[in-house]
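# Commentary on secondary and tertiary structure
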Amino acid sequence: MTLRLVVGLLITVIGLAVAGRRVLWLYRLISSGQPVSGRIKDVRARLETEIAEVAGQRKLLKWSVPGTAHFFTMWGFAILGFTIVETWGALFSRDFAFWWFGRQSWLGFVEDFFTVAVILALITFGVMRIRQAPERRERKSRFYGSHTGAAWAVLWMILGVMLTLLIYRGAQFNTGHFMYGRSGWPFASWLVAHALAPLGSGVNTVLETTFLLLNIAVIMSFLVIVVHSKHLHIALAPLNVGAKRLPDGLGPLLPMESKGKPIDFEDPGDDDVFGRGKIEDFTWKGMLDFATCTECGRCQSQCPAWNTGKPLSPKLVIMDLRDHLFAKAPYLIGDQEAPSDATVAGSEHHHGVPESGFGRVTDSGPSQALRPLVGTAEEFGVIDPDVLWSCTTCGACVEQCPVDIEHVDHIVDMRRYQTMIESNFPSELGGMFKNLENKGNPWGQNGRDRLEWTKTLDFEVPVFDGSLSDDVEYLFWVGCAGAFEDKARKTTQAVAELLHMAGVGYVVLGPEETCTGDPARRAGNEFLFQMLAQQNVEVLNTLFEGRELMRRKIVVTCPHCFNTLGNEYPQIGGDYEVVHHTQLLNRLVRERRLVPVAPVAEDVTYHDPCYLGRHNKIYEAPRELVGASGAVLREMPRHADRSFCCGAGGARMWMEERIGKQINLERTDEALGTAPNKIATGCPFCRVMMTDGLTQRQNEGVAQESVQVVDVAQLLLTAVKRSPEQSSSEHTMT
Ligand code: SF4
Ligand code: SF4
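Residues numbered from 1 in each chain as written. Chains lettered and ligands numbered in written order. Predicted model: local features only at pLDDT ≥ 70, side-chain atom pairs only at ≥ 80, totals over all residues.

## Some words on the overall build of the protein chain
What counts is decided by this rule: Think of it this way: any DSSP run of H or I at least four residues long counts as a helix, any run of E at least two long counts as a strand, and we number them from the N terminus. Only C-alpha atoms enter the radius of gyration; for comparison, a globular chain is expected to reach 2.2 Å times N to the power 0.38, where N is the number of residues. Residues are called buried when their C-beta atom has 20 or more other C-beta atoms within 10 Å, exposed when it has 12 or fewer, and partly exposed otherwise; all C-beta atoms are positioned from the backbone. A pair of residues counts as a contact when their C-beta atoms, built from backbone coordinates, are within 7 Å of each other.
Across its full length, the protein chain holds 30 helices and 10 strands. In terms of overall dimensions, the protein chain is globule-like: its C-alpha atoms have a radius of gyration of 30 Å, near the 27 Å expected for 734 residues. A principal-axis box enclosing the C-alpha atoms of the protein chain has dimensions of 100 × 65 × 55 Å. A total of 734 residues make up the protein chain; the buried ones form 48% of that total. The long-range fraction of contacts in the protein chain, counting pairs at least 24 apart against all pairs at least 6 apart in sequence, stands at 78%.

What follows is the structure in structure tokens.
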């Protein structure tokens, strides 16, 4: 017993010392990040999130097989905490048991149940990893680029914990020192005991001690590996989930902060940091994100850029930032002074993933300290510009991530530095910025033409003339696309006609309207966004002057305007009730102010715009409208929260798509796969992208000429029009 105690305690002390040193290092590194505001407020909501996402594994269970396997592994770890205490207790006394409940059979059953459940989960994970092996499936595997060797080691190690546990418990049973006596309820231990019984009491005594010590050794090795690997998430995930953006990292971008304080764009401080230009510019929450990544690849599997052959994988972005942070740590928290100048040299040993920017320099020397955060392969950048600018900010990664990593925020923060400090952005964006600055819209159209769309309508569109009468319920925010882009104008006209038919009091701003600033903000040009947003907020606050919040209503057809006006303008003093046209039209149908009388008897597939769906969780209203119009809805395989981007978000609408398959073509192909008569959507940008994709496929003879891309408002308009004269649906649709 004494030898067993000494060896057991020695292993424990060594394991705790090595792991403890690493934990201290991680704490110092993560807390060296910049401060960030609002991450511990609203304790109640955070606790609820912990219960749903950590205890309930809400996000993981969206993927039923791996989710269930992870659920049992996570709970297995929690429950098997009892066996860990029992193991260490057995070092001191062979008959150790928890005090009043420690010898009850139900506890033995629960422990064995979870031991077996974890073993089954490990087998499931193993099968999944073989089926998804990146060596075979390459970029199609969600584990491509992940550290698969470490993952396998940990799976074997957990299996080792479970097997050594069962063997020493079986031996304990046979030597008469099992805390549950001769009970068969700890069924797995009982089975092992029966298998070992023929070996006799002497051998079982040796087995008991040997496997107890092995169990301790494997647990301590596991602890050391966990704090040195991606399995850190076991400890960090609850912290990261608890400090997440509430409700999540979608919807609005955060106001720019420097040292935890919002930047005053009218009078910025001399030492304010704009965006992230170095790894140490990230906040502690960003660094916690990087350290928490489980390398599961759920984000990568949903990313439209990755799925169309671009080098951007949200997983690799997070892994690269983490690996760079860890490799640069000696300069951030150690004694090493970063050299002021030195030649940055690449590493000879890459880890074989060409899309990984970190792999260009992997050591912890001066090259790591000096390399640019964003830069080409020649510059040894951690994140390649092609990676940074491929993002459409669609949010699929954030939606999927089981540990609530906020990829979009990090990507936009790096773009902010590149755009505002380095003036280093895709050249096409220069034109868009100039158009926004000079003309107030990305197309560079004349602001006076914002009412051109009204000219072909056979009713008058009310324009704001300086005062808002009481019977005006909504400001109809037309948006730049809705005013200037030919296809989007059809949507604007359809919505105006439907509002007119339903007798809704509304006005439009006309030339007073300016771009909300969404594309500038997503492209990292926060200065320009602030300028446009301030201008709009001033106009809107004047327009709604004297009205309480509930009556400051705006209806929009563009989900990007919807998101910016509703979620981002409150950051600069603009508070309004913003609805998307699909929500308002749906309500008008329910109130029978719009009555569909001529059903659209066609098959329609609906494409969820990212900024309406994932970013703002509006999935049902447009679908109900498709149903109300009498059309038959055919869902694409990727829809609702797993919808696939059209390729226009994140200011990608104004950038050339030079790498891989075009995202809009990928989505159009998926839509055509449902054999629809029409592809409906609720966003002018999606409409443009899908129309372009459809036209290309029609030119190639792959799609039927009769298929059209429409807005759901147009479907409804066709259905509510009564007489043949009014029913100029073809005119309206195309
Ligand atoms: S936001 Fe979309 S495009 Fe950007 S990294 Fe995430 S999944 Fe990929
Ligand atoms: S970022 Fe999230 S979803 Fe992506 S690999 Fe890491 S843990 Fe998984």
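Further notes follow.
## Brief notes about the domain arrangement of the protein chain
Note the following rule: The domain limits used here are those given by an automatic or database domain assignment. Residues are sorted three ways: Asp, Glu, Lys and Arg are charged, Ala, Val, Leu, Ile, Met, Phe, Trp, Tyr, Cys and Pro are nonpolar, and all the rest, Gly among them, are polar.
Examined at the domain level, the protein chain breaks down into domain 1 (61-230), domain 2 (275-334 + 349-357 + 368-424), domain 3 (438-589) and domain 4 (593-733). A straight line from the C-alpha centre of domain 3 to that of domain 4 covers 22 Å. Each partner contributes residues to the interface: domain 3 has 33 residues there, and domain 4 has 32 residues. For the side of domain 3 that touches domain 4, the secondary structure elements donating two or more residues are α20 (480-484), α21 (486-502), α22 (518-522), α24 (559-568) and α25 (581-590). Broken down by element, the side of domain 3 that touches domain 4 gets its largest block of residues, 10 residues, from α21. Class assignment for the residues of the side of domain 3 that touches domain 4 results in 16 nonpolar, 12 polar and 5 charged.

## Describing the packing of helix α5 (residues 105-131) against helix α8 (residues 187-196)
Any two packed helices are characterised by the angle at which their axes cross and by the distance between the axes. As a reminder of what qualifies: Axis definition: a line fit to C-alpha positions, over the contact stretch in the case of helices; interaxial angles, taken between N-to-C directions, run 0 to 180 degrees. Should an angle fall under 35 degrees it is called roughly parallel, over 145 degrees roughly antiparallel, and 65 to 115 degrees roughly perpendicular, with every other angle called oblique.
In the contact formed by α5 and α8, the axes pass within 7 Å of each other and the chain directions differ by 80 degrees. Put simply, α5 runs roughly perpendicular to α8. Between α5 and α8, the residues in contact are F109, D112, T115 and V116 and F187, A188 and S189, respectively. Of the residues in the contact of α5 with α8, the class split is 4 nonpolar, 2 polar and 1 charged.

## Quick notes on the nonpolar core
Condition: For this analysis, nonpolar core means a set of buried Ala, Val, Leu, Ile, Met, Phe, Trp, Tyr and Cys residues linked through C-beta atoms within 7 Å.
Membership of the largest hydrophobic core comes to 181 residues, with the highest contact counts inside it found for F476, L715 and L716. When neighbours within four sequence positions are excluded, L716 is seen to be in contact with L498, L585, L594, P596, L625, A628 and S629.

## Here's the deal with the site of ligand 2
Test applied: Only the C-beta atom matters for nearness: placed from the backbone, it must lie within 6 Å of the molecule or strand for the residue to count as near.
With respect to spatial proximity, 14 residues lie near ligand 2, and among them C293, C296, C299, K315 and C401 are the closest. Of all the elements in the fold, those that place two or more residues in the shell around ligand 2 are α12 (298-302) and α14 (314-332). Residue contributions to the shell around ligand 2 peak at 3 residues, all from α14. Class assignment for the residues of the shell around ligand 2 results in 8 nonpolar, 3 polar and 3 charged.

## Some thoughts on the site of ligand 1
Lining the immediate environment of ligand 1, one finds 15 residues, of which C303, P314, C391, C394 and C397 sit closest. Of all elements in the fold, only α13 (304-307), α17 (396-400) and α18 (407-421) reach the threshold of two or more residues within the shell around ligand 1. When its residues are assigned to classes, the shell around ligand 1 shows 10 nonpolar, 5 polar and no charged.

## Some details on the pairing of strand β5 (residues 553-556)
Stated formally: Strand pairing follows a simple DSSP-based rule, namely that at least 2 bridges must link the two strands. Handedness of a crossover is defined as follows: orient the strands so they point away from the viewer, and if the path from the first strand over the helix to the second runs clockwise, the crossover is right-handed.
As paired strands, strand β3 (residues 474-477) and β5 are joined by 4 bridges and run parallel to one another. When the bridges of β5 are listed, W477 appears paired with V556. Pairing between β5 and strand β6 (residues 577-580): 4 bridges, direction parallel. When the bridges of β6 are listed, K553 appears paired with E577. Following the backbone out of β5, through α24 and into the adjacent parallel β6, one traces a crossover that is right-handed.

## Considering the sheet that holds strand β10 (residues 708-711)
Here we have 4 strands laid out as an open sheet, ordered β8-β7-β9-β10, and parallel in their pairing. The sheet is open, and its two borders are formed by β8 (632-633) and β10, each paired with just one other strand.

## Concerning the environment of T68
Examined against the element boundaries, T68 turns out to sit in helix α3 (residues 64-79). Given 17 C-beta atoms within a 10 Å radius, T68 is considered partly exposed. Measuring from C-alpha to C-alpha, the distance between T68 and T294 comes to 17 Å, with 226 residues separating the pair along the chain.

## Some points on the sheet that holds β3
If you trace the 4 strands from one edge of the open sheet to the other, you get β4-β3-β5-β6, paired in parallel fashion. The sheet terminates laterally at β4 (506-508) and β6, the two strands that pair on one side only. Between one strand axis and the next, the sheet turns by 30 degrees as a mean value, whatever way the strands run. Sheet strands touched by α25: β5 and β6. Its angle to β6, the strand with the most contacts, is close to 80 degrees.

## Thoughts on the packing of helix α1 (residues 2-30) against helix α11 (residues 284-292)
Where α1 meets α11, the closest approach of the two axes is 9 Å, and the angle between their N-to-C directions is 140 degrees. In this view, α1 runs oblique relative to α11, as classed from their interaxial angle. Contacts between α1 and α11 involve L26, L29 and I30 on the former and, on the latter, W284, M287, L288 and A291. Its residues placed into classes, the contact of α1 with α11 shows 7 nonpolar, no polar and no charged.

## Overview of α11
Here α11 lies mainly inside the structure; 8 of its 9 residues are buried. Listing the buried residues of α11 in full gives K285, G286, M287, L288, D289, F290, A291 and T292. Those residues of α11 that are buried are in contact with α1, α10 (233-242), α14 and α18.

## A few points about the confidence of the model for the protein chain
Inclusion rule: Known as pLDDT, the predictor's confidence for each residue is given on a scale from 0 to 100.
Within the protein chain, residue pLDDT values average 94, and 98% of them lie at 70 or more. Overall, residues 723-732 carries pLDDT values under 50, and its contacts beyond four positions in sequence, including any with other chains, amount to 10 contacts.

## What about the environment of R642?
Among the structural elements, R642 can be located in the loop between β8 and α27 (663-672). In the structure, R642 is positioned 242 residues away from Q400 in sequence and 8.4 Å away in space, judged by C-alpha atoms.

## Considering unusual backbone geometry
The linkage connecting L246 with the following residue, P247, adopts the cis geometry, with an omega of 0 degrees. One can find P247 in the loop between α10 and β1 (257-258). Despite not being glycine, E138 has its phi angle at roughly 50 degrees, a positive value. Position of E138 relative to the elements: it lies in the loop between α6 (134-137) and α7 (148-175).

## A word on the pairing of strand β9 (residues 678-681)
Along β9, one buried face is formed by K678 and A680 and the opposite face, lined by I679 and T681, is buried too. Inspection of the sheet shows strand β7 (residues 603-606) paired to β9 by 3 bridges, in the parallel sense. Among the inter-strand pairings, T605 is bridged to a residue of β9, identified as I679. Sheet topology note: the β9/β10 ladder contains 4 bridges and is parallel. Bridge assignment links T681 to a residue of β10, and that residue is D711. Remark: the β9/helix α28 (residues 684-699)/β10 crossover connection has right-handed handedness.

## Some words on the environment of I659
As for its position among the elements, I659 is in the loop between β8 and α27. For I659, a count of 14 C-beta atoms within 10 Å gives the class partly exposed. Sequence separation between I659 and P311 is 348 residues, and the spatial gap between their C-alpha atoms is 8.4 Å. Look past the residues within four positions of I659 in its chain and what remains in contact with it is G309, K310 and D386.

## Focus on α21
Stated formally: Multiply 1.5 Å by the residue count of a helix minus one, and that product is the helix's expected span.
In this model, α21 (17 residues) spans 25 Å end to end at C-alpha, consistent with the 24 Å of a helix rising 1.5 Å per residue. Those residues of α21 that fall on the buried side of the exposure criterion are A488, K490, T491, T492, Q493, A494, V495, A496, E497, L498 and L499. G503 lies just past α21 and shows a positive phi near 70 degrees.

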